[in-house]
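Structure assessment
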Amino acid sequence: GTIYIAKTPGELFANDFFANANNIPLAPFSYNRYGGMAAGPVVIPGYDGRGKTFFMYGFEGIHESRPRNNGTPTVPTERMRNGDFSELLALGSQSQISSPCTRRAIGGGRFQQDPFPGNIIPPHLINPVARAALEYIGHPRTAGNADGTGNFQNPSLPEDIKYANNTIRVDQNLTDKQRMYGRFSWYDRNSNYNNYFNNLATGEWFKFVSRQFALDH
């Protein structure tokens, strides 16, 4: 039989590109892998299986927590949360937003609507349900780009993983010419990731379950 334990220090890993770009230090990292295997003849009170019946059992487990870069997500700026998009006007007229309440037909199958003065949505036009939903959306973490994108860099966001794999096998020598074996394996993996806003609005649970059985004669 064998037993093993492997641990990887987080200090050996390089920092994420986006973390370096935003002066964010290396996030905590842990990786622990362990397992073992035992095999031999089946010898129990009342039965001596030496030369006839053999068993093998193996296990491997991994407990890991590692940063999982979430790309370049974007959230509304503080001013945008209150309907003020005036910052975007510096990018050009393509960033001008208009009021759908003023839409009207101008002939030829065309429609026109008036821009919001100063690119600011009046408070009375912001639906209270939408305003309440904003409470579940995070606030900017980084400066972002001129157009407001990429302002929620969080390369230190972890993925927590627990993994376990088990296999047991029994071999039986029936005669000098006949043998059979049975094997059962079960595997479980659970991980939690993409919990960007740390509330009910985000986060994913990944659960992978595998069960296998084999019988050969």
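The following paragraphs examine the structure supplied in this document. (Residues numbered from 1 in each chain as written. Predicted model: local features only at pLDDT ≥ 70, side-chain atom pairs only at ≥ 80, totals over all residues. Heavy atoms only, no water.)

1. Concerning the side chain of Ser 99
Worth spelling out the cut-off: A helix here means a DSSP run of H or I that spans at least four residues, while a strand means a run of E at least two residues long, and both kinds are numbered starting from the N terminus. Only protein chains enter the accessibility calculation, which uses a 1.4 Å probe; a residue is then buried when its area is under 20% of its type maximum, exposed when over 50%, and partly exposed in between. Residue contacts follow a heavy-atom distance rule, with two residues in contact if any of their heavy atoms lie within 4.5 Å.
Within the element layout of this structure, Ser 99 appears in the loop between β5 (53–67) and β6 (104–107). By relative accessible area, which is 7% here, Ser 99 ends up buried. Ignoring any residue separated from it by four or fewer positions in sequence, one finds Ser 99 in contact with Gln 113, Asp 114 and Phe 116.

2. Details of the packing of aromatic side chains
Quick reminder of the rule: Put simply, two rings from Phe, Tyr or Trp (the six-membered ring, in Trp's case) pair if the centres are within 6.5 Å, and we call them stacked under 30 degrees between planes, edge-to-face over 60, tilted for the rest.
For the structure shown, the criterion picks out six aromatic pairs. Ring plane angle 70° and centroid distance 5.1 Å describe the contact between Tyr 163 and Tyr 187, whose orientation is recorded as edge-to-face. Separated by 24 residues along the polypeptide, Tyr 163 in strand β8 (residues 158–173) and Tyr 187 in strand β9 (residues 179–193) bring together distant segments of the chain. As far as the burial class goes, Tyr 163 and Tyr 187 line up, both buried. Here Phe 184 and Trp 186 contribute two aromatic rings whose centre-to-centre distance is 5.2 Å and whose plane-to-plane angle is 25°, an arrangement assigned as stacked. Residue Phe 184 is classed as partly exposed on the basis of its relative accessible area of 34%. Residue Trp 186 is classed as partly exposed on the basis of its relative accessible area of 25%.

Note that all results are geometric; they support no functional claim without further evidence.
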